[in-house]
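# Topology and contacts: notes
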Amino acid sequence: MALRGDWMYENNGGTCVAIAGIDYCVVAADTRLSVGYNILTRDHSKICSLADKVVLASSGFQGDIRALHKNLAARHLLYQHQHNKQMSCPAMGQLLSNTLYYKRFFPYYAFNVLGGLDNEGKGCVFTYDAVGSYERVGYSTQGSGSSLIMPVLDNQLKSPSPLLLPARDAVTPLSETEAVDLVKDVFASATERDIYTGDKLEIVVINASGIKREYLELRKD
Amino acid sequence: MGRMTELPTKGGFSFDLCTRNDMLLKNGLQMPPFRKTGTTIVGLVFQDGVVLGADTRATEGPIVADKNFEKIHFMAPNIYCCGAGTAADTEAVTDMVSSQLQLHRYATGRESRVVTALTLLKSHLFSYQGHVSAALVLGGFDVTGPHLHTVYPHGSTDTLPFATMGSGSLAAMSVFESKYREGLTREEGIELVAEAICAGIFNDLGSGSNVDVCVITEGKTEYLRNYQLPNPRTYISSKGYTFVKGQTEVLSTKITSIQPKVEAVEGGDAMEE
């Protein structure tokens, strides 16, 4: 059915969110994998740990997402061999953009949100479209529930316009627990109204002490 | 010479705008999606009557439009009908046949029969050639005993001991096929229906939220709205949200003062002019 004619993609649904804080970054995604009206699995992680301080969350076509994550992990390993250090978040951000644009004429059906800490230890979130256009922002969301979540984040995490001068910090002044609380609430709300979001929420928090994982049960209907 | 006679209205749909709609679609117009019910609806016959069940989710594409929608419609005091498909169509067709049944009860002086409702529904749907997208599970108890039927959008019907319809029908039917047997008791019947609806709720993305059940027996009907609520919200922020003035940026303000009120004249003769 998915290969009817020349349509090579499939949308496996799901939603991803990332929020940058002063000294932490929260990246979260639901764990439901679906196709059409069916659930393939309730326990599939959309989050990939690429480096010490870099985490990638992607929603869209899982076939392409698996390939993309594998590709980036391999490139990161090469980088580590050549430079004797881990990739920083902005560096990974650029690499992801280039990787996506490389397939400009047969894109990865992947909607990505990259989160981590930059070289100064501040929270860092990059948001992408399917072909590599990216921007550093204070928070972002991608996937089927993104249009339900983004307005709430816009309201609660008022991000200053990137056009303002002098350049203002996009990171939120909220504490880590407050940001995680917001993410949980916002996902519970998106689950109520989006059929492709639900089952379980995986929350990854990156801060100076490393990467921490937490789970929240969501509605399974 | 042209005679301008009014053609008598024949009823049914008018397809006059089809060419214009096709042209608009070709030019890139996005039609608003119909609200469909996604849905799992079921019915089964047990030893004393019939049990109907339905989920409560109404969807508009991938979005849940209503989390607690009533899909078990009243047809007569002894006949209820579950509806799947386009929500407007199921509502309209069941309301219409329900009214017709009531008029028929007044005319005949008797309790309505399920086959009457069935015939009215199937002839209406057939005459609309499937354009009225209503897939129904009709059940009731009349003088001839318990009855359960399915009605398809094109107007065909089946008479069955257990039935499921909607996008979750396969999930529900798998439960019925495993566990149904003749001569179920009332409790067993309700439990089986609830289990089938839950299978639809959890395994079909078009169905969700709560379980509605309706039990129809001789002389008594029980509509158990929200019989089960297996999907509570999993998390609510204890912090809550406050929206202070200025949180949503005001980009521009324009104030237009209201015109001064015109004085009403006592005992005015405006109507007599």
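Predicted model only: the values in this text are computed from it and were never measured.

## Some thoughts on the overall build of chain A
For chain A, the helix and strand inventory stands at four helices and twelve strands. Its C-alpha atoms give chain A a radius of gyration of 17 Å, near enough to 17 Å, the size a compact globule of 221 residues would have. Principal-axis analysis of the C-alpha atoms gives chain A an extent of 50 × 40 × 35 Å. Counting over 221 residues, chain A shows a buried share of 54%. Sequence-distant contacts, at least 24 apart, represent 63% of the contacts inside chain A between residues at least 6 apart. Only carbon and sulfur atoms are counted for the fraction: they give 55% of the accessible area of chain A, which is about 10000 Å². Charge centroids of chain A, computed over 22 positive and 24 negative side chains, lie 4 Å from each other.

## A closer look at the interface of chain B and chain A
On the side of chain A, 30 residues touch chain B, which itself brings 33 residues to the contact. A per-residue breakdown of the area chain B buries against chain A is headed by Leu205(B), Arg233(B) and Tyr235(B), which together make up 26% of the total. Run the count over chain B and chain A and you get three salt bridges. Residues Glu192(A) and Lys67(B) are paired through a salt bridge, measuring 2.7 Å at the closest nitrogen-oxygen approach. Of all the elements in the fold, those that place two or more residues in the side of chain B that touches chain A are β4 (63-66) and α5 (186-203) of chain B. The element best represented in the side of chain B that touches chain A is β4(B), accounting for four residues. Of the residues contributing to the side of chain B that touches chain A, the split by class is twelve nonpolar, 14 polar and seven charged.

## Some details on the UniProt feature "active site" (unreviewed entry) in chain B
Residues and elements named next belong to chain B. Under the local residue numbering, the UniProt record ascribes the feature "active site" (unreviewed entry) to Thr-39. Mapped onto the secondary structure, Thr-39 falls in the loop between α1 (18-26) and β1 (41-46). Using a relative accessible area of 0% as the deciding quantity, one classes Thr-39 as buried. With sequence-adjacent residues up to four places away left out, Thr-39 is seen in contact with Asp-55, Lys-71, Gly-83, Ala-84, Met-165, Gly-166, Ser-167, Gly-168, Asp-204, Gly-206 and Ser-207.

## Focus on helix α3 (residues 146-156) of chain A
The set of residues buried in α3(A) consists of Ser146(A), Ile149(A), Leu153(A) and Asn155(A). In this structure, the buried residues of α3(A) make contact with β1 (15-20), β10 (139-143) and α4 (176-193) of chain A.

## Considering the sheet that holds strand β8 (residues 145-151) of chain B
Strand pairing in a sheet relies on backbone hydrogen bonds. The paired strands run either parallel or antiparallel. Residue and element names in this part refer to chain B. Pairing is antiparallel across the open sheet formed by five strands, whose spatial order is β5-β6-β7-β8-β9. Here the strands that pair on one side only, and so sit at the sheet edges, are β5 (72-76) and β9 (157-159). For this sheet the average axis-to-axis angle between neighbouring strands, irrespective of direction, equals 25°. Pairing geometry for β8 and β9, over three bridges, is antiparallel.

## Observations concerning unusual backbone geometry
Peptide bonds are mostly trans, and most non-glycine residues show a negative phi. Residue and element names in this part refer to chain B. With a phi close to 50°, Gln-129 is a non-glycine residue in the positive phi region. Tracing the backbone shows Gln-129 in the loop between α3 (114-127) and β7 (134-142). Phi angles above zero are rare outside glycine, and Asn-226 is one such case at about 55°. Inspection of the secondary structure assignment puts Asn-226 in strand β12 (residues 220-228).

## Structural notes on the packing of aromatic side chains
Residues and elements named next belong to chain A. Per the counting criterion, the structure on display carries eleven aromatic pairs over all chains. Ring geometry for Tyr-9 against Phe-61: centres 6.3 Å apart, planes inclined by 85°, an arrangement best described as edge-to-face. Of the two residues, Tyr-9 sits in the segment before β1 while Phe-61 sits in the loop between β6 (54-60) and α1 (62-83), which places them 52 residues apart along the sequence. Both residues of the pair, Tyr-9 and Phe-61, belong to the buried class. By the ring-pair criterion, three or more aromatic residues cluster together here, those being Trp-7, Tyr-9, Phe-61, Phe-106, Tyr-109 and Phe-111. Positioned above the aromatic ring of Tyr-108, the side-chain terminus of Lys-103 is 5.2 Å from the ring centre. Above the ring of Tyr-215, the side-chain terminus of Lys-200 is found at 4.9 Å from the ring centroid.

## Re the nonpolar core
By size, the foremost hydrophobic cluster in this structure holds 40 residues, and its most contacted members are Leu44(B), Val51(B), Leu52(B), Phe176(B) and Val193(B). Among the secondary structure elements, those contributing two or more residues to this core are β1, β2 (49-54), β6 (79-85), β7, β10 (162-165), α4 (169-179), α5 and β11 (211-217) of chain B. Element by element, the count of residues in this core is highest for α5(B), at nine residues. Residues contacting Val193(B), with those up to four places away along its chain left out, are Val42(B), Leu44(B), Val51(B), Leu52(B), Gly53(B), Phe176(B) and Val213(B). Counting 24 residues, the second largest nonpolar core, distinct from the first, contains Leu153(A), Ile203(A), Leu218(A) and Tyr235(B).

## Points about helix α2 (residues 89-102) of chain A
Turn by turn, an α-helix covers 3.6 residues, leaving residues three or four places apart pointing in a common direction. The terminal C-alpha atoms of α2(A), which comprises 14 residues, lie 20 Å apart, in line with the 20 Å expected from a rise of 1.5 Å per residue. Buried within α2(A) we find Cys89(A), Met92(A), Gly93(A), Leu95(A), Leu96(A), Ser97(A), Thr99(A) and Leu100(A).

What counts, and where the lines are drawn
Residues numbered from 1 in each chain as written. Chains lettered and ligands numbered in written order. Predicted model: local features only at pLDDT ≥ 70, side-chain atom pairs only at ≥ 80, totals over all residues. Heavy atoms only, no water. Helix = DSSP H or I, 4+ residues; strand = E, 2+ residues; numbered from the N terminus. Rg over C-alpha atoms; globule rule 2.2 N^0.38 Å. Buried < 20%, exposed > 50% of the residue type's maximum accessible area, 1.4 Å probe, protein only. Contact = heavy atoms within 4.5 Å. Areas by Shrake-Rupley, 256 points an atom, 1.4 Å probe, with all protein chains shown as cover. Lys, Arg positive; Asp, Glu negative; His and termini not counted. Charge placed at Lys NZ, Arg CZ, Asp CG, Glu CD. Buried area = accessible area lost by both parts, 1.4 Å probe. Salt bridge = Lys/Arg side-chain N within 4 Å of Asp/Glu carboxyl O. Nonpolar A, V, L, I, M, F, W, Y, C, P; charged D, E, K, R; others polar. UniProt positions renumbered as here; feature names shortened; annotations may be inferred. Pairing = 2+ DSSP bridges. Axes fitted to C-alpha atoms, helices over the stretch in contact; angles between N-to-C directions. Phe/Tyr/Trp six-rings, centres within 6.5 Å; stacked < 30°, edge-to-face > 60°. Lys NZ or Arg CZ within 6 Å of the ring centre and 35° of its normal. Core = buried A, V, L, I, M, F, W, Y, C linked by side-chain atoms within 4.5 Å. Expected span 1.5 Å × (residues − 1).

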